[in-house]
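Spelled out, the chains give:
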Amino acid sequence: METTVTHELTINLGFATLEPVASLLSIAHLFGSAKNRCGIYLLSFQSGLFYVGQAVEVVRRFSQHRRNHDDIVGFSFIPVKRTDLDATERALIYRAESLGLRITNAVHVTSIVGDTDLDLVVSASDQEAWLRQLSFFDRAEHNNSKIILPEAQQVRFSKHFAKFETHPSAPRVLPLIKHYVGQCLPAPR
């Protein structure tokens, strides 16, 4: 059930009351014969977390989410023109965070809830140690030696890299990228 606080937060974001969808595989009935299914949606989960997303066809998008998440319990929707989807989604995510709504989005957020891709290669404790002391990882690892990608990645990205090398800004950008990787990424290898 939706709490009063959550209800007020979703209303402050511009969403209507969350529709209960815990047992639903489709939300088509919420739109009736309406053809405008383009906009921003809000999902609530049993855990109390939320997700703000955009869709050109929200009924189809909800079905995709449902296949991956059986714990969706609430849904709300704001119709938005297709040309305004990106800006509106970004603004609502920032606003949701500022209101204290715990959201699971990984893009446009200042604080990610849950696991990240970095967690797969650097443990949470090592990440914390690195944030406390940037020299935590062996600086020898951050030398100027070339990082050699697996052959499959070299083949996959070689055309893109060759195109990048022909760009007029490449000679200025490449040293910046090398510096960023060497100084700003924990354990880039």
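Residues numbered from 1 in each chain as written. Predicted model: local features only at pLDDT ≥ 70, side-chain atom pairs only at ≥ 80, totals over all residues. Heavy atoms only, no water.

Bringing the overall build of the protein chain into the picture now. Scanning the protein chain from terminus to terminus reveals six helices and four strands. Reading the secondary structure of the protein chain in the N-to-C direction produces α-β-β-β-α-β-α-α-α-α. Across the 189 residues of the protein chain, 29% fall into the buried class. In the protein chain, of all internal contacts separated by at least 6 residues, the share reaching a separation of at least 24 is 63%. Accessible area for the protein chain stands at about 12,700 Å²; split by element, carbon and sulfur atoms hold 56% of it. (Helix = DSSP H or I, 4+ residues; strand = E, 2+ residues; numbered from the N terminus. Buried < 20%, exposed > 50% of the residue type's maximum accessible area, 1.4 Å probe, protein only. Contact = heavy atoms within 4.5 Å. Areas by Shrake-Rupley, 256 points an atom, 1.4 Å probe, with all protein chains shown as cover.)

It is worth spelling out the packing of aromatic side chains at this point. Enumeration according to the criterion identifies five aromatic pairs in this entry. Measuring from ring centre to ring centre gives 5.2 Å for phenylalanine 31 and phenylalanine 77, while their planes differ by 80°; the resulting arrangement is edge-to-face. In this pair, phenylalanine 31 sits in the loop between strand E1 (19–20) and strand E2 (39–45) while phenylalanine 77 sits in strand E4 (residues 72–79), placing the two residues 46 residues apart along the sequence. On the accessibility criterion, phenylalanine 31 (12% relative accessible area) is buried. Phenylalanine 77 gets classed as buried once you look at its relative accessible area, which sits at 15%. Ring centres 5.9 Å apart and planes at 75° place the aromatic pair phenylalanine 62 and phenylalanine 75 in the edge-to-face group. Of the two residues, phenylalanine 62 sits in helix H2 (residues 58–68) while phenylalanine 75 sits in strand E4, which places them 13 residues apart along the sequence. In this pair, the class of phenylalanine 62 matches that of phenylalanine 75, namely buried. Each member of the aromatic cluster is reached from another via a ring pair, and the members are Phe31, Phe62, Phe75 and Phe77. (Phe/Tyr/Trp six-rings, centres within 6.5 Å; stacked < 30°, edge-to-face > 60°.)

Attention now moves to the pairing of strand E3 (residues 50–55). For E3, the buried fraction is high: five of the six residues fall into the buried class. Inspection of the sheet shows E2 paired to E3 by six bridges, in the antiparallel sense. From the neighbouring strand, leucine 43 faces E3, where its bridge partner is tyrosine 51. Connecting E2 to the antiparallel partner E3 that follows it, the hairpin turn spans four residues, and glycine 48 within it adopts a positive phi of roughly 95°. (Pairing = 2+ DSSP bridges.)

Of note, asparagine 105 is situated in the loop between helix H3 (85–99) and helix H4 (124–132). Within the structure, asparagine 105 has its side chain in polar contact with the backbone oxygen of valine 52 (distance 2.5 Å). (Polar contact = N/O pair within 3.5 Å; in protein donor to acceptor, adjacent residues only side chain to side chain.)

Here we take up the pattern of salt bridges. Evaluated as defined, the whole model comprises one salt bridge. A salt bridge links arginine 37 to glutamate 57, with the nearest nitrogen and oxygen atoms 3.7 Å apart. With arginine 37 in the loop between E1 and E2 and glutamate 57 in the loop between E3 and H2, the pair connects residues that are 20 residues apart, well separated along the chain. Residue arginine 37 is classed as buried on the basis of its relative accessible area, which comes to 17%. (Salt bridge = Lys/Arg side-chain N within 4 Å of Asp/Glu carboxyl O.)

Let's shift gears to the sheet that holds E4. Pairing is antiparallel across the open sheet formed by four strands, whose spatial order is E1-E4-E2-E3. The outermost strands of the open sheet, each flanked by one partner alone, are E1 and E3. Against the sheet, H2 touches E2, E3 and E4, its axis set at about 155° to E4. (Axes fitted to C-alpha atoms, helices over the stretch in contact; angles between N-to-C directions.)

Structurally, glutamate 89 is set in helix H3. There is no salt bridge for the buried glutamate 89, and the closest opposite charge comes from arginine 90, which lies 6.7 Å off by N-O distance. (Lys, Arg positive; Asp, Glu negative; His and termini not counted.)

On the surface, a cluster of nonpolar side chains totalling about 320 Å² of accessible area is made up of Leu118, Leu120 and Val121. Position of leucine 120 relative to the elements: it lies in the loop between H3 and H4. (Patch = residues over 30% accessible without salt bridge, like charges linked within 9 Å, V, L, I, M, F, W, Y side chains within 5 Å.)

Let us now look at the nonpolar core. Looking at soluble globular proteins, one finds that nonpolar side chains tend to be buried together. Core analysis: the largest hydrophobic core is formed by 17 residues, its most contacted members being Phe15, Ile40, Leu92 and Leu101. Broken down by secondary-structure element, the contributors of at least two residues to this core are helix H1 (4–13), E2, E3 and H3. For this core, the element with the highest residue contribution is H3, accounting for four residues. Apart from residues lying up to four places away in sequence, isoleucine 40 is in contact with Phe15, Val52, Gly53, Gln54, Ser76, Phe77, Ile78, Val80, Leu85, Thr88, Glu89 and Leu92. (Core = buried A, V, L, I, M, F, W, Y, C linked by side-chain atoms within 4.5 Å.)

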